[in-house]
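Understanding the architecture of this molecule
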Amino acid sequence: MNNRTILFCAVAAMLSVSCGEKPYGAIPTPQQLEWQDMEMNMFCHFGPNTFTGREWGDGTEPEDIFNPTELDCRQWARTAKAAGFKGIIITAKHHDGFCLWPNPAAQHTVAQSSWRGGEGDVLRELSDACREEGLKFGIYISPWDRNDPHYGTPEYNEVFAQTLSNALSSYGPVFEQWFDGACGEGPNGRRQEYDWELFHEAVFSNQPQAVVFSNVGPGCRWVGNEEGSTGETCWATFTPSLYGATHEQLPGDYGTYLNQGDAGGEYWIPAETDVSIRPGWFWKESETARLKSVDELLKIYYESVGRNSLLLLNVPPDNRGLIPRADSIRLMEFRAALDRIFSSDLGTGAQMRRTRDSWTLTLRESASFNRVVLSERIALGQRISEFNVEALVGGEWKEIARGTTIGRKRILLVEDTEASAVRVNVTGSLARPLLKGVSIYYDDVYRAAERVRSGGDVHPAGESIVLDLGAVRDVAGIQYTPIYRGEGGVITSFRLEISDNGSDWALVKEDIFQNIVNNPVRCEVPFQARGRYIKLTPTATSNGESYGLSSFEVLL
């Protein structure tokens, strides 16, 4: 038994004594408990893509393209703290392989750039800024590397382990190590067989307290989408082997089983909900007008933190190296809305009484509310599988909500209700239910935001789309927008051609729509060409059969 196990057992023993209950099933480590209590952290996608406008760089970008002339990580940290985030996770190395610190295991880093004379180190500046502001510091390092020549060979695993060890041993405590699930070919055209045992050893030997994120944990798991929505049923327990899931492969309907977890799962691997404040993950000037609204952010909060998940909200710095003003203002508006809604628990001072599997909150006086917040004692395991909530209205009990899981926090959106008491009835539980808290609030901010549902048509997988501009013109690019949520499939790779007469075609480019399967939003492909007709031909789609088309536009 190692020191971490001894510490975990000691804490679990103290908790079980304090409430007279033994733990049930898989339970969180102290680090996972602390991680879940953070509720919201800020993601910062930053790197060469910030300057190229791409989502996935191909690794051929010159090092000098990375040149944030006004980098101020303290501004990031101050913004994050003011918005209520507890930590920041930075993309230290994305799929392009470029490292934001002088990584001695790579030759594609800030040290090879002219930025700050090759002496710059984003991880140093951000980790220092986080400590100054009392925030936790986390690191994203993608195993996929589209630059390193070793990728696709056994040697790469050692190179990547060295990369991990260097980053994780140089910047103080790291609360979360984030492993992206994307995996593709390297510069030599080969895919890598990752040595996850070696990678985890590199993490824990340097940061034994770190919570490790990946598709299947072991510290926390992906929620299965990039929309900001956790399942209404969401267990923190999970058994990846039930689905044949591995780090590299998520077979079948992975969105559902990652979204919901497993009742009585073998391991405690809670869900983390990652979503961007912008349509894409990296900053693009063209997306500034498409920031998520306060209502959309509140919807995300309710469907992540409010469904037993942690929210990781991406706020990408711009090409100056600053959080843009518009993004910062939106974050402050979001923070103000949360404070307005949750600053006053209308049940404060109420009497709580338990009878078998029911908890009754008797208010000092009648109150109007439309939010009910429940929580379990998750340190002893997640247990409740079904419940309902009643309100005492005019002397009669009226059901106002029902649900499945609760976990660390469950926020129920109910109709405006004036009542003198609230009762929670647990109707299904894996073990003796341990409800920790019941609170009520009034939300006069949220207006049930719905993302705009775009219409469109579904086309056969290989069908081309041709646009006639009416005359020969200079073209600066195209935009492809799938149908809402990728219905009907999405184009994943394509061929673009241009013609003056509609008969003789010249190839403009062959490429992929980066990350479009997980984030099916409008994609922009910039290029410079001249012609009258533009033809887009899918060479692969997400389902292999069809693709949805909401719009196909030309940039002039």
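The text that follows walks through the structure, step by step, so that each part is easy to find. Note that the structure is a prediction, hence the values are computed from the model and not measured.

Description of the overall build of the chain
From N to C terminus, the chain includes 10 helices and 23 strands. Since a compact globule built from 556 residues should have a radius of gyration of about 24 Å, the 25 Å found for the chain is in line with a globular shape. Along the three orthogonal principal directions, the C-alpha set of the chain runs to about 80 × 55 × 45 Å. Out of the 556 residues belonging to the chain, those deemed buried represent 57%. Looking at the chain alone, contacts between residues at least 24 apart form 78% of all its contacts between residues at least 6 apart.

Quick word on the side chain of threonine 239
Examined against the element boundaries, threonine 239 turns out to sit in the loop between strand 7 (237–238) and helix 8 (254–260). Residue threonine 239 is classed as buried on the basis of its relative accessible area, which comes to 8%. A polar atom in the side chain of threonine 239 sits 2.7 Å from the backbone nitrogen of glutamate 266.

Some details on the sheet that holds strand 21 (residues 523–541)
The 5 strands are arranged 20-19-21-18-23 in an open sheet whose pairing can be described as antiparallel. Each having just a single partner strand, strand 20 (506–512) and strand 23 (551–555) make up the two edges of the open sheet. Shown here is a sheet whose adjacent strand axes are inclined to one another by a mean of 30 degrees, direction ignored. When strand 18 (residues 465–481) meets strand 21, the two strands line up antiparallel, connected through 11 bridges. Paired with isoleucine 478 across the two strands is valine 525, which belongs to strand 21.

Quick word on the pairing of strand 11 (residues 351–355)
As paired elements, strand 11 and strand 12 (residues 358–376) share 5 bridges and run antiparallel to each other. Among the inter-strand pairings, arginine 353 is bridged to a residue of strand 12, identified as threonine 360.

A closer look at the packing of helix 9 (residues 294–302) against helix 10 (residues 325–342)
The packing of two helices is summarised by the inter-axis angle and the distance between the axes. Where helix 9 meets helix 10, the closest approach of the two axes is 10 Å, and the angle between their N-to-C directions is 55 degrees. One finds that helix 9 runs oblique with respect to helix 10. Like other packed secondary-structure pairs, helix 9 and helix 10 cross with a definite hand, here right-handed. Contacts between helix 9 and helix 10 involve Val294, Leu297, Leu298, Tyr301 and Tyr302 from the first element and Arg330, Glu333, Phe334, Ala337, Leu338, Ile341 and Phe342 from the second. Its residues assigned to classes, the contact of helix 9 with helix 10 shows 10 nonpolar, no polar and 2 charged.

Examining the packing of aromatic side chains
Taken as a whole and assessed by the stated rule, the structure comprises 31 aromatic pairs. Geometrically, the ring pair formed by tyrosine 151 and tyrosine 194 is edge-to-face, given 6.4 Å between the ring centres and 70 degrees between the ring planes. With tyrosine 151 in the loop between strand 3 (136–141) and helix 6 (154–168) and tyrosine 194 in the loop between strand 4 (176–178) and helix 7 (196–206), this residue pair connects regions lying 43 residues apart in the sequence. For tyrosine 151, a relative accessible area of 0% gives the class buried. On the basis of relative accessible area, tyrosine 194 is assigned to the buried category, the value being 10%. Members of the aromatic cluster, joined through ring pairs, are Tyr151, Tyr156, Phe160, Phe179, Tyr194, Trp196 and Phe199. The residue whose ring lies beneath arginine 423 is tryptophan 397, and the NZ or CZ to ring-centre distance is 4.1 Å.

So, unusual backbone geometry
In this structure, proline 218 follows glycine 217 across a cis peptide bond, with omega equal to 20 degrees. Its location among the elements puts proline 218 in the loop between strand 5 (211–214) and strand 6 (220–222). If you check the backbone angles, arginine 356 has positive phi at about 50 degrees while not being a glycine. Along the chain, arginine 356 falls in the loop between strand 11 and strand 12. Residues other than glycine seldom take positive phi values, yet asparagine 515 does so here, at roughly 60 degrees. With respect to the helices, strands and loops of the structure, asparagine 515 is situated in the loop between strand 20 and strand 21. A relative accessible area of 11% means that asparagine 515 is categorised as buried.

Concerning the sheet that holds strand 9 (residues 271–276)
Around the barrel, which closes on itself, the 8 strands sit in the order 1-2-3-4-5-6-9-10 with parallel pairing between neighbours. Pairwise comparison of adjacent strand axes, ignoring direction, gives a mean angle of 25 degrees for this sheet. Alignment of strand 9 against strand 10 (residues 310–314), held across 5 bridges, turns out to be parallel. Residue pairing in the sheet places glutamate 272 in a bridge with leucine 310 of strand 10. Each of strand 3, strand 4, strand 5, strand 6, strand 9 and strand 10 touches helix 2 (residues 30–37); the most contacted strand, strand 5, lies at about 70 degrees to it.

Re helix 7
An α-helical segment advances 3.6 residues per turn. Residues three or four places apart therefore align on the same side. Here helix 7 has its buried residues at Trp196, Leu198, Phe199, His200, Ala202 and Val203. Contacts made by the buried residues of helix 7 are with helix 6, strand 4 and strand 5.

What to know about the state of the cysteines
What the rule picks out here adds up to 0 disulfides. Free of any disulfide, cysteine 130 has its nearest neighbouring cysteine sulfur in cysteine 73, separated by 8.2 Å. Free cysteine: cysteine 220, not disulfide-bonded; nearest cysteine sulfur from cysteine 234 at 12 Å.

Details of helix 10
When the terminal C-alpha atoms of helix 10 are compared, their 26 Å separation across 18 residues agrees well with the 26 Å that a helix rising 1.5 Å per residue should span. Among all positions of helix 10, only Asp327, Ser328, Leu331, Phe334, Arg335, Ala337, Leu338 and Ile341 are buried. Looking at the buried side of helix 10, the elements it contacts are strand 1 (40–44), helix 4 (73–83), helix 9, strand 10 and strand 16 (435–441).

Cut-offs used in this document
Residues numbered from 1 in each chain as written. Predicted model: local features only at pLDDT ≥ 70, side-chain atom pairs only at ≥ 80, totals over all residues. Heavy atoms only, no water. Helix = DSSP H or I, 4+ residues; strand = E, 2+ residues; numbered from the N terminus. Rg over C-alpha atoms; globule rule 2.2 N^0.38 Å. Buried < 20%, exposed > 50% of the residue type's maximum accessible area, 1.4 Å probe, protein only. Contact = heavy atoms within 4.5 Å. Polar contact = N/O pair within 3.5 Å; in protein donor to acceptor, adjacent residues only side chain to side chain. Pairing = 2+ DSSP bridges. Axes fitted to C-alpha atoms, helices over the stretch in contact; angles between N-to-C directions. Parallel < 35°, antiparallel > 145°, perpendicular 65-115°, else oblique. Left-handed = near helix turned anticlockwise from the far one by under 90°. Nonpolar A, V, L, I, M, F, W, Y, C, P; charged D, E, K, R; others polar. Phe/Tyr/Trp six-rings, centres within 6.5 Å; stacked < 30°, edge-to-face > 60°. Lys NZ or Arg CZ within 6 Å of the ring centre and 35° of its normal. Disulfide = S-S within 2.5 Å. Expected span 1.5 Å × (residues − 1).

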